Amino acid sequence: MDDCLFCKILKGEIPSDKVFENDHVIGFKDIQPLAKEHYLFIHRNHSKNVNEMSRDDMAQVFDAIKEFTQSNELENNGFRVVSNINQHGCQSVFHTHFHVLGGEQLKGFGS
Ligand code: 5GP
Ligand code: ZN
């Protein structure tokens, strides 16, 4: 997708601070972190949101998140995975992405 911001990041046309990379998935730091650690994990295949993402691609993204979080303190201390979808979900970039937040005590929902 030529006009997709995250496809441009995948192609290296826009710089990113990568923390994970394999044949299927990349993980990089969010430019406006909402927690001490805030990463975005995306599949190399473009899809608009999780409802449009294939089951295989989703599994590969979650395998990547698992591998990444097991390789550092996130796994031990805990973390949060979020994917915002469309308007009510406040999605702003329409290439499916999973926020991985942690590195500090997060607020619970409703607290
Ligand atoms: P959404 O609002 O769609 O769930 O999440 C989009 C995320 O992408 C936001 O947290 C925003 O800070 C991040 N973001 C937007 N533009 C860029 C960029 O150019 N580079 C990086 N690394 N993150 C970005
Ligand atoms: Zn894209």
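Residues numbered from 1 in each chain as written. Chains lettered and ligands numbered in written order. Predicted model: local features only at pLDDT ≥ 70, side-chain atom pairs only at ≥ 80, totals over all residues.

Chemist: Give a description of the pairing of strand S5 (residues 98–102) that names residues and reports values.
Modeler: Residues Phe98, Val100 and Gly102 line the buried face of S5, whereas the alternating positions His99 and Leu101 sit on a face that is not buried. Bridging between strand S4 (residues 79–82) and S5 involves four bridges; their strand directions are antiparallel. By the bridge assignment, Phe79 is partnered in S5 with Gly102. (Buried ≥ 20, exposed ≤ 12 C-beta atoms within 10 Å, placed from the backbone. Helix = DSSP H or I, 4+ residues; strand = E, 2+ residues; numbered from the N terminus. Pairing = 2+ DSSP bridges.)

Chemist: Tell me about the site of ligand 1, and name the residues and values.
Modeler: Not every one of the 14 residues close to ligand 1 is listed here, only the nearest: Ile31, Gln32, Asn84, Ser92 and Val93. Of the residues contributing to the shell around ligand 1, the split by class is seven nonpolar, five polar and two charged. (Near = placed C-beta within 6 Å. Nonpolar A, V, L, I, M, F, W, Y, C, P; charged D, E, K, R; others polar.)

Chemist: Can you lay out the environment of Gly103 for me, pointing to particular residues and giving the numbers?
Modeler: Relative to the helices and strands, Gly103 resides in the segment after S5. When the C-alpha atoms of Gly103 and His38 are compared, they prove to be 8.2 Å apart, with 65 residues separating the residues in sequence.

Chemist: Residue-level account of the sheet that holds S5, with values.
Modeler: Judged by pairing direction, the sheet is antiparallel, and its five strands sit side by side in the order S1-S2-S3-S5-S4 without closing on themselves. Edge positions in the open sheet fall to strand S1 (18–21) and S4, since each of these has one partner strand only. With strand direction ignored, the average angle separating the axes of adjacent strands in the sheet is 20 degrees. Alignment of S1 against strand S2 (residues 25–29), held across three bridges, turns out to be antiparallel. Paired with Lys18 across the bridge in S2 is Phe28. The strands touched by helix H2 (residues 55–70) are S1, S2, strand S3 (37–43), S4 and S5; relative to S3, the strand with the most contacts, the crossing angle is about 150 degrees. (Axes fitted to C-alpha atoms, helices over the stretch in contact; angles between N-to-C directions. Contact = placed C-beta atoms within 7 Å.)

Chemist: I'd like a rundown of the pairing of S3, residues and numbers included.
Modeler: Both faces of the sheet carry side chains from a regular strand, because those side chains alternate between them. For S3, the tally of buried residues reaches five of seven residues, placing the bulk of the element in the interior. In terms of strand pairing, S2 meets S3 through five bridges, oriented antiparallel. Looking at the pairing, Ile26 lines up with Ile42 of S3. Bridge analysis of S3 against S5 gives five bridges, and the strand direction is antiparallel. Bridging across to S5, Phe41 finds its partner in Phe98.

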